[in-house]
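# Summary of structural features
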Amino acid sequence: QVQLVESGGGLVQAGGSLRLSCAASGSFFSINVMGWYRQAPGKRRELVATITSGGSANYADSVKGRFTISRDNAKDTVLLQMSSLNPEDTAVYYCYVRIPRVGPDMPYWGQGTQVTVSS
């Protein structure tokens, strides 16, 4: 089993910043991909950003230039630094990891942390 513990969500005014953190623990030797998705009310869950074990990052167009993803492989943690937040960033943010197994990688999700941006 894999556990993901998220922290750092909250309420912030438009233009402000927040940092999300996610720590992974459990039965695994390595993590291929770590990242964040988000889901706003009435909308589908969408990619925010991912980062590979080698440090290659991928961002949704809507957050490019405002959000920065990073990871600490030694601590199995992933961070999402969010700046210039706007009300459209309001959503539940979910930590995501992909663990190599025999066969396809196995995805795991955190329970989510609420980010609310007020105008």
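## Remarks on the overall build of the chain
A tally of helices and strands in the chain yields zero helices and eleven strands. Its C-alpha atoms give the chain a radius of gyration of 14 Å, near enough to 14 Å, the size a compact globule of 119 residues would have. For the chain, the spread of C-alpha atoms along the three principal axes comes to 45 × 25 × 20 Å. Relative to its 119 residues, the chain shows a buried fraction of 39%. The long-range share in the chain, meaning contacts at least 24 apart out of those at least 6 apart in sequence, stands at 54%. Of the roughly 6400 Å² of accessible surface on the chain, a fraction of 49% belongs to carbon and sulfur atoms.

## Re the side chain of Thr-50
Among the secondary structure elements, Thr-50 is positioned in strand S5 (residues 46-52). Setting aside its immediate chain neighbours within four residues, Thr-50 contacts Val-33, Met-34, Gly-35, Ser-56, Ala-57, Asn-58 and Ile-69.

## Here we look at the pairing of strand S11 (residues 113-118)
In S11, alternate side chains face the same way, and those of Thr-113, Val-115 and Val-117 are buried while those of Gln-114, Thr-116 and Ser-118 on the opposite face are not. With four bridges joining them, strand S2 (residues 10-13) and S11 adopt parallel strand pairing. Of the residues in S11, the one forming a bridge with Gly-10 is Val-115. Here strand S9 (residues 91-99) runs beside S11; their pairing, made up of three bridges, is antiparallel. Across the sheet, Tyr-93 pairs through a bridge with Thr-113, a residue of S11.

## Examining the packing of aromatic side chains
Aromatic rings in a pair are described by how distant their centres are and how their planes are angled relative to each other. In this structure the tally under the stated criterion is three aromatic pairs. Residues Tyr-37 and Tyr-96 carry aromatic rings whose centres are separated by 5.3 Å and whose planes lie at 65° to one another, so their mutual orientation is edge-to-face. Placement of Tyr-37 in strand S4 (residues 33-39) and of Tyr-96 in strand S9 is noted, with a sequence separation of 59 residues between them. Ring centres of Tyr-96 and Trp-109 lie 4.9 Å apart, and the angle between their planes is 50°; this geometry places the pair in the tilted category. With Tyr-96 in strand S9 and Trp-109 in strand S10 (residues 106-109), this residue pair connects regions lying 13 residues apart in the sequence. Through pairs of rings, three or more aromatic residues link up here, namely Tyr-37, Tyr-96 and Trp-109.

## A look at the pairing of strand S7 (residues 67-72)
Every second residue of S7 is oriented toward a common face, the buried set being Phe-67, Ile-69 and Arg-71 and the non-buried set Thr-68, Ser-70 and Asp-72. Note: S7 against strand S8 (residues 77-82), six bridges, orientation antiparallel. In the strand pairing of S8, Ile-69 is matched with Leu-80. Remark: four residues form the turn of the hairpin made by S7 and S8, two consecutive strands paired antiparallel; Asp-76 in that turn has positive phi of roughly 55°.

## Some details on the side chain of Thr-113
If you trace the backbone, Thr-113 turns up in strand S11. Here Gly-9 takes part through its backbone nitrogen, which lies 3.4 Å from a polar atom of the side chain of Thr-113. Beyond its immediate chain neighbours, meaning those up to four positions away, Thr-113 contacts Glu-6, Gly-9, Leu-20, Ala-91, Val-92 and Tyr-93.

Procedures and definitions
- Residues numbered from 1 in each chain as written.
- Predicted model: local features only at pLDDT ≥ 70, side-chain atom pairs only at ≥ 80, totals over all residues.
- Heavy atoms only, no water.
- Helix = DSSP H or I, 4+ residues; strand = E, 2+ residues; numbered from the N terminus.
- Rg over C-alpha atoms; globule rule 2.2 N^0.38 Å.
- Buried < 20%, exposed > 50% of the residue type's maximum accessible area, 1.4 Å probe, protein only.
- Contact = heavy atoms within 4.5 Å.
- Areas by Shrake-Rupley, 256 points an atom, 1.4 Å probe, with all protein chains shown as cover.
- Pairing = 2+ DSSP bridges.
- Phe/Tyr/Trp six-rings, centres within 6.5 Å; stacked < 30°, edge-to-face > 60°.
- Polar contact = N/O pair within 3.5 Å; in protein donor to acceptor, adjacent residues only side chain to side chain.

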